[in-house]
Amino acid sequence: QLQLVESGGGLVQPGGSLRLSCAASGFTLDYYVIGWFRQAPGKEREGVSCISSSDGSTYYVDSVKGRFTISRDNAKNTVYLQMNSLKPEDTAVYYCAAALATTVQRMCAYSRANYWGKGTLVTVSS
């Protein structure tokens, strides 16, 4: 099976931090562009952050710039999303995805990928 599994979600107070992990099984992430997406109730799926397979280029949606950091560890076949200064507006199900033959801008803008995880819930509330 080819699978992406997210972990690290949970309940956090505004201003707090979480680190999400996305682990691949059945294939290697080395040559994929990887993205984090989120969907809140009643809203469209949104590209949050994407990272390239080679040159390290990244993309962040304006609402998370300066607060979130995407990174990858190919040796562990895992991608991370460090989320700091969390806001209630960040509450959503967060999904990771992997795509070939694309750019970080295109992947995050169009939410297209070859593989999708099932998501992990992040709730920011006091």
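Parameters at a glance
Each residue is numbered by its place in its chain's sequence as written, counting from 1. Thresholds applied to this predicted model are a pLDDT of at least 70 for local features of residues and 80 or more for the giving and counting of side-chain atom pairs; totals over whole chains, interfaces and linings are not thresholded and use all residues. Side-chain measures were taken over the full set of non-hydrogen atoms in the model, leaving aside hydrogen atoms and water. Only a pair of cysteine sulfur atoms within 2.5 Å counts as a disulfide in this structure description. Put simply, DSSP marks the helices as runs of H or I at least four residues long and the strands as runs of E at least two long, and each gets a number from the N terminus on. Burial classification: accessible surface area is computed with a 1.4 Å probe over protein chains only, and a residue below 20% of its type maximum counts as buried, one above 50% as exposed, and the rest as partly exposed. A 1.4 Å probe that fits into a set of points on a 1 Å grid over the protein atoms alone but cannot get out defines a cavity; an open set with protein on both sides within 12 Å along at least five of seven lines defines a pocket, and lining residues are those with an atom within 4 Å of a point. Grid points are joined across faces, edges and corners, and a volume is the space filled by probe spheres set on the points. Here the nonpolar group is Ala, Val, Leu, Ile, Met, Phe, Trp, Tyr, Cys and Pro; Asp, Glu, Lys and Arg are the charged ones; every other residue, Gly included, is treated as polar. Strands pair, by our definition, only if DSSP identifies at least two bridges between them.

1. Section: the state of the cysteines
Item 1. Under the criterion given, the structure shown has two disulfides.
Item 2. A sulfur-sulfur separation of 2.0 Å characterises the disulfide bridge that pairs Cys22 with Cys96. A torsion of 65° about the S-S bond marks the disulfide between Cys22 and Cys96 as right-handed. Of this pair, Cys22 sits in strand β3 (residues 18-25) while Cys96 sits in strand β9 (residues 92-99); the two residues are 74 residues apart in sequence, bridging distant segments of the chain.
Item 3. Bridging Cys50 to Cys108, the disulfide has an S-S length of 2.2 Å. With the S-S bond torsion at 110°, the cross-link from Cys50 to Cys108 turns out right-handed. You can see Cys50 sitting in strand β5 (residues 46-51) and its partner Cys108 sitting in helix α1 (residues 104-110), a full 58 residues away along the chain.
Item 4. Taking the relative accessible area as the measure of exposure, Cys108 reaches 4% and is therefore buried.
Item 5. Sequence-ordered numbering of the bonded cysteines in the protein gives a pairing of 1-3, 2-4.

2. Here's the deal with the layout of surface pockets
Item 1. The computed volume of the largest pocket comes to approximately 160 Å³.
Item 2. Taken together, 13 residues make up the lining of the largest pocket; nearest its centre are Arg38, Lys43, Glu46, Glu89 and Asp90.
Item 3. When its residues are assigned to classes, the lining of the largest pocket shows two nonpolar, three polar and eight charged.

3. Details of the pairing of strand β4 (residues 33-39)
Item 1. With six of seven residues buried, β4 lies mostly within the body of the structure.
Item 2. Note that β4 and β9 share seven bridges and pair antiparallel. What sits directly across from Arg38, in β9, is Tyr94.
Item 3. As paired strands, β4 and β5 are joined by five bridges and run antiparallel to one another. Bridged to Gly35 within β5 is Cys50.
Item 4. Hairpin remark: β4 followed by β5, antiparallel, with six residues in the connecting loop; positive phi at Gly42, about 80°.

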